[in-house]
Amino acid sequence: MEEEEFELVANALKSYEMDGVIATNTTLSREGVEDSVYAQESGGLSGAPVRNRSTAAIAALHRHLKGALPIIGVGGITEPFDAAEKIEAGASLVQIYSGFIYRGPTLIHESVKAIEPLLKK
Ligand SMILES: Cc1cc2nc3c(=O)[nH]c(=O)nc-3n(C[C@H](O)[C@H](O)[C@H](O)COP(=O)(O)O)c2cc1C
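Residues numbered from 1 in each chain as written. Predicted model: local features only at pLDDT ≥ 70, side-chain atom pairs only at ≥ 80, totals over all residues. Heavy atoms only, no water.

1. Points about the pattern of salt bridges
And step 1. According to the stated counting rule, one finds five salt bridges in the structure shown.
And step 2. Asp82 is the salt-bridge partner of Arg51, the closest N and O atoms lying 3.4 Å from each other. On the criterion of sequence distance, the pair formed by Arg51 in helix H2 (residues 51-65) and Asp82 in helix H3 (residues 80-89) is long-range, its members being 31 residues apart.
And step 3. As a salt-bridge pair, Glu85 and Arg51 come within 2.9 Å of each other at their nearest N and O atoms. Of the two residues, Glu85 is situated in helix H3 and Arg51 in helix H2; the sequence distance between them amounts to 34 residues.
And step 4. Accessibility expressed as a relative area gives 23% for Arg51, which makes it partly exposed.
And step 5. Each member of the salt-bridge network shares a partner with another, and the members are Arg51, Asp82 and Glu85. (Salt bridge = Lys/Arg side-chain N within 4 Å of Asp/Glu carboxyl O. Helix = DSSP H or I, 4+ residues; strand = E, 2+ residues; numbered from the N terminus. Buried < 20%, exposed > 50% of the residue type's maximum accessible area, 1.4 Å probe, protein only.)

Quick look at the structure:
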(Lines give C-alpha, C1' and ligand atoms only; values in the text may rest on other atoms or scores of the structure.)
Protein backbone atom coordinates (compact mmCIF):
# COMPACT_ATOMS: atom_id res chain seq x y z
CA MET A 1 0.00 0.00 0.00
CA GLU A 2 1.12 3.55 -0.74
CA GLU A 3 1.17 6.31 1.90
CA GLU A 4 -2.06 7.81 0.52
CA GLU A 5 -3.78 4.44 0.87
CA PHE A 6 -2.74 4.17 4.50
CA GLU A 7 -4.21 7.61 5.02
CA LEU A 8 -7.50 6.55 3.40
CA VAL A 9 -7.67 3.41 5.57
CA ALA A 10 -6.88 5.40 8.72
CA ASN A 11 -9.60 7.93 7.91
CA ALA A 12 -12.14 5.15 7.25
CA LEU A 13 -11.24 3.43 10.54
CA LYS A 14 -11.82 6.70 12.39
CA SER A 15 -15.02 7.67 10.61
CA TYR A 16 -16.58 4.23 11.21
CA GLU A 17 -15.43 4.44 14.85
CA MET A 18 -13.57 1.14 14.78
CA ASP A 19 -12.28 -0.04 18.17
CA GLY A 20 -8.92 -1.14 16.80
CA VAL A 21 -7.05 -2.42 13.76
CA ILE A 22 -4.88 -5.48 13.18
CA ALA A 23 -1.94 -4.65 10.93
CA THR A 24 -1.11 -6.86 9.03
CA ASN A 25 -1.88 -10.40 7.78
CA THR A 26 -0.04 -12.81 5.47
CA THR A 27 1.13 -11.68 2.02
CA LEU A 28 0.88 -13.10 -1.49
CA SER A 29 4.21 -11.44 -2.29
CA ARG A 30 7.30 -13.66 -2.48
CA GLU A 31 9.71 -10.75 -2.08
CA GLY A 32 12.79 -11.91 -0.17
CA VAL A 33 12.08 -15.63 -0.57
CA GLU A 34 12.41 -15.85 -4.37
CA ASP A 35 15.20 -18.44 -4.04
CA SER A 36 13.27 -20.75 -1.72
CA VAL A 37 12.17 -24.10 -3.11
CA TYR A 38 8.73 -23.25 -1.70
CA ALA A 39 8.50 -19.82 -3.38
CA GLN A 40 6.04 -21.08 -5.99
CA GLU A 41 3.61 -22.53 -3.42
CA SER A 42 0.24 -20.83 -3.32
CA GLY A 43 -1.20 -19.16 -0.25
CA GLY A 44 -0.18 -16.49 2.22
CA LEU A 45 3.40 -16.07 3.37
CA SER A 46 3.95 -15.46 7.09
CA GLY A 47 6.81 -15.34 9.59
CA ALA A 48 10.21 -13.67 9.34
CA PRO A 49 9.94 -12.67 5.65
CA VAL A 50 6.96 -10.40 6.36
CA ARG A 51 8.48 -8.72 9.41
CA ASN A 52 9.84 -5.50 7.92
CA ARG A 53 6.87 -4.81 5.66
CA SER A 54 4.53 -5.39 8.58
CA THR A 55 6.47 -2.99 10.79
CA ALA A 56 6.45 -0.39 8.01
CA ALA A 57 2.66 -0.77 7.68
CA ILE A 58 2.23 -0.26 11.44
CA ALA A 59 4.37 2.88 11.30
CA ALA A 60 2.39 4.23 8.32
CA LEU A 61 -0.97 3.60 10.01
CA HIS A 62 0.35 5.17 13.21
CA ARG A 63 1.37 8.31 11.31
CA HIS A 64 -2.22 8.77 10.19
CA LEU A 65 -4.14 7.44 13.19
CA LYS A 66 -2.04 9.38 15.71
CA GLY A 67 -3.30 7.18 18.54
CA ALA A 68 -7.01 7.54 17.65
CA LEU A 69 -7.43 3.77 18.00
CA PRO A 70 -5.11 0.91 19.01
CA ILE A 71 -3.03 -0.91 16.40
CA ILE A 72 -2.38 -4.62 16.91
CA GLY A 73 0.99 -5.34 15.32
CA VAL A 74 1.48 -8.74 13.70
CA GLY A 75 3.85 -10.26 11.18
CA GLY A 76 7.19 -11.95 11.59
CA ILE A 77 7.62 -11.80 15.35
CA THR A 78 10.10 -14.63 15.97
CA GLU A 79 12.27 -12.92 18.60
CA PRO A 80 11.44 -10.64 21.58
CA PHE A 81 13.17 -7.77 19.75
CA ASP A 82 10.64 -8.10 16.91
CA ALA A 83 7.74 -7.62 19.35
CA ALA A 84 9.39 -4.52 20.84
CA GLU A 85 9.99 -3.19 17.34
CA LYS A 86 6.25 -3.36 16.62
CA ILE A 87 5.48 -1.39 19.79
CA GLU A 88 8.11 1.20 18.87
CA ALA A 89 6.53 1.52 15.41
CA GLY A 90 3.19 2.44 17.02
CA ALA A 91 1.43 -0.80 17.96
CA SER A 92 -0.38 -0.99 21.33
CA LEU A 93 -0.56 -4.79 21.27
CA VAL A 94 1.17 -7.56 19.35
CA GLN A 95 -0.08 -10.82 17.88
CA ILE A 96 2.14 -13.83 17.21
CA TYR A 97 1.25 -16.75 14.97
CA SER A 98 4.15 -18.44 13.13
CA GLY A 99 6.74 -17.56 15.78
CA PHE A 100 4.54 -19.17 18.41
CA ILE A 101 4.48 -22.43 16.43
CA TYR A 102 8.27 -22.57 16.24
CA ARG A 103 9.29 -21.00 19.58
CA GLY A 104 6.33 -21.87 21.82
CA PRO A 105 5.20 -20.02 24.97
CA THR A 106 8.78 -18.93 25.77
CA LEU A 107 8.46 -16.34 23.03
CA ILE A 108 5.43 -14.82 24.79
CA HIS A 109 7.28 -14.53 28.09
CA GLU A 110 10.40 -13.06 26.47
CA SER A 111 8.35 -10.64 24.38
CA VAL A 112 6.51 -9.34 27.45
CA LYS A 113 9.87 -8.67 29.07
CA ALA A 114 11.10 -6.85 25.97
CA ILE A 115 7.96 -4.73 25.69
CA GLU A 116 7.49 -3.82 29.38
CA PRO A 117 10.15 -1.09 29.57
CA LEU A 118 8.75 0.55 26.43
CA LEU A 119 5.25 0.81 27.91
CA LYS A 120 6.64 2.53 31.02
CA LYS A 121 8.29 5.28 28.89
C1 LIG B 1 -1.85 -21.42 9.07
C2 LIG B 1 -2.31 -19.99 9.25
C3 LIG B 1 -3.67 -19.72 9.38
C4 LIG B 1 -4.12 -18.41 9.52
N5 LIG B 1 -5.47 -18.17 9.65
C6 LIG B 1 -5.90 -16.89 9.79
C7 LIG B 1 -7.29 -16.62 9.94
O8 LIG B 1 -8.14 -17.52 9.95
N9 LIG B 1 -7.69 -15.33 10.06
C10 LIG B 1 -6.77 -14.29 10.05
O11 LIG B 1 -7.19 -13.13 10.15
N12 LIG B 1 -5.46 -14.52 9.93
C13 LIG B 1 -5.01 -15.79 9.81
N14 LIG B 1 -3.64 -16.02 9.67
C15 LIG B 1 -2.71 -14.89 9.66
C16 LIG B 1 -2.09 -14.68 11.04
O17 LIG B 1 -3.07 -14.29 11.99
C18 LIG B 1 -1.02 -13.57 10.97
O19 LIG B 1 -1.63 -12.35 10.62
C20 LIG B 1 0.07 -13.87 9.94
O21 LIG B 1 0.42 -15.24 9.97
C22 LIG B 1 1.33 -13.03 10.16
O23 LIG B 1 1.82 -13.22 11.47
P24 LIG B 1 3.03 -14.23 11.80
O25 LIG B 1 4.20 -13.81 10.94
O26 LIG B 1 3.25 -14.08 13.27
O27 LIG B 1 2.56 -15.60 11.42
C28 LIG B 1 -3.19 -17.33 9.53
C29 LIG B 1 -1.82 -17.62 9.41
C30 LIG B 1 -1.37 -18.94 9.26
C31 LIG B 1 0.13 -19.18 9.11
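2. Let's talk about the site of the ligand
And step 1. Close to the ligand lie Thr24, Asn25, Thr26, Ser46, Gly47, Val74, Gly75, Gly76, Gln95, Tyr97 and Ser98, which account for all nearby residues.
And step 2. Take Gly47: an N or O atom from its main chain is 2.8 Å from an oxygen atom of the ligand.
And step 3. In the environment of the ligand, an oxygen atom lies 2.7 Å from a nitrogen or oxygen atom belonging to the backbone of Gly76.
And step 4. Computed on the free molecule, the ligand has an accessible area of 610 Å², of which 60% lies beneath the protein chains in the complex.
And step 5. Because more than half of its atoms lie within 2 Å of the grid, the ligand is assigned to the second largest pocket.
And step 6. Considering only residue class, the shell around the ligand consists of two nonpolar, nine polar and no charged. (Near = heavy atom within 4 Å. Polar contact = N/O pair within 3.5 Å; in protein donor to acceptor, adjacent residues only side chain to side chain. Areas by Shrake-Rupley, 256 points an atom, 1.4 Å probe, with all protein chains shown as cover. 1 Å grid on protein atoms, 1.4 Å probe; cavity = no way out; pocket = protein on both sides within 12 Å on 5 of 7 lines; lining within 4 Å. Sits in = over half its atoms within 2 Å of the grid points. Nonpolar A, V, L, I, M, F, W, Y, C, P; charged D, E, K, R; others polar.)

3. Remarks on the sheet that holds strand S1 (residues 21-23)
Within a sheet, neighbouring strands are paired by backbone hydrogen bonds and run either parallel or antiparallel to one another.
And step 1. In space, the three strands of this open sheet follow the order S1-S2-S3, with parallel pairing throughout. Two strands bound the open sheet, and with one partner strand each, they are S1 and strand S3 (93-95). Strand-to-strand twist in this sheet, taken as the mean axis angle between neighbours without regard to direction, amounts to 30°.
And step 2. Where S1 lies against strand S2 (residues 71-74), three bridges are found, and the strand directions are parallel. Bridged to Ile22 within S2 is Ile72.
And step 3. Each of S2 and S3 is contacted by H3, which is oriented at about 135° to S3, the strand it contacts most. (Pairing = 2+ DSSP bridges. Axes fitted to C-alpha atoms, helices over the stretch in contact; angles between N-to-C directions. Contact = heavy atoms within 4.5 Å.)

4. Re the layout of surface pockets
Rolled over the atoms, a probe sized like a water molecule indicates the empty space that remains.
And step 1. Counted as a void, the largest pocket has a volume near 410 Å³.
And step 2. Considering the residues around the largest pocket, the lining is formed by 18 residues, among which Met1, Phe6, Thr24, Arg53 and Ala57 are closest to the centre.
And step 3. Broken down by secondary-structure element, the contributors of at least two residues to the lining of the largest pocket are helix H1 (3-15), S1 and H2.
And step 4. Here the lining of the largest pocket takes seven residues from H2, the largest share from any one element. (Points joined across faces, edges and corners; volume = space filled by probe spheres on them.)

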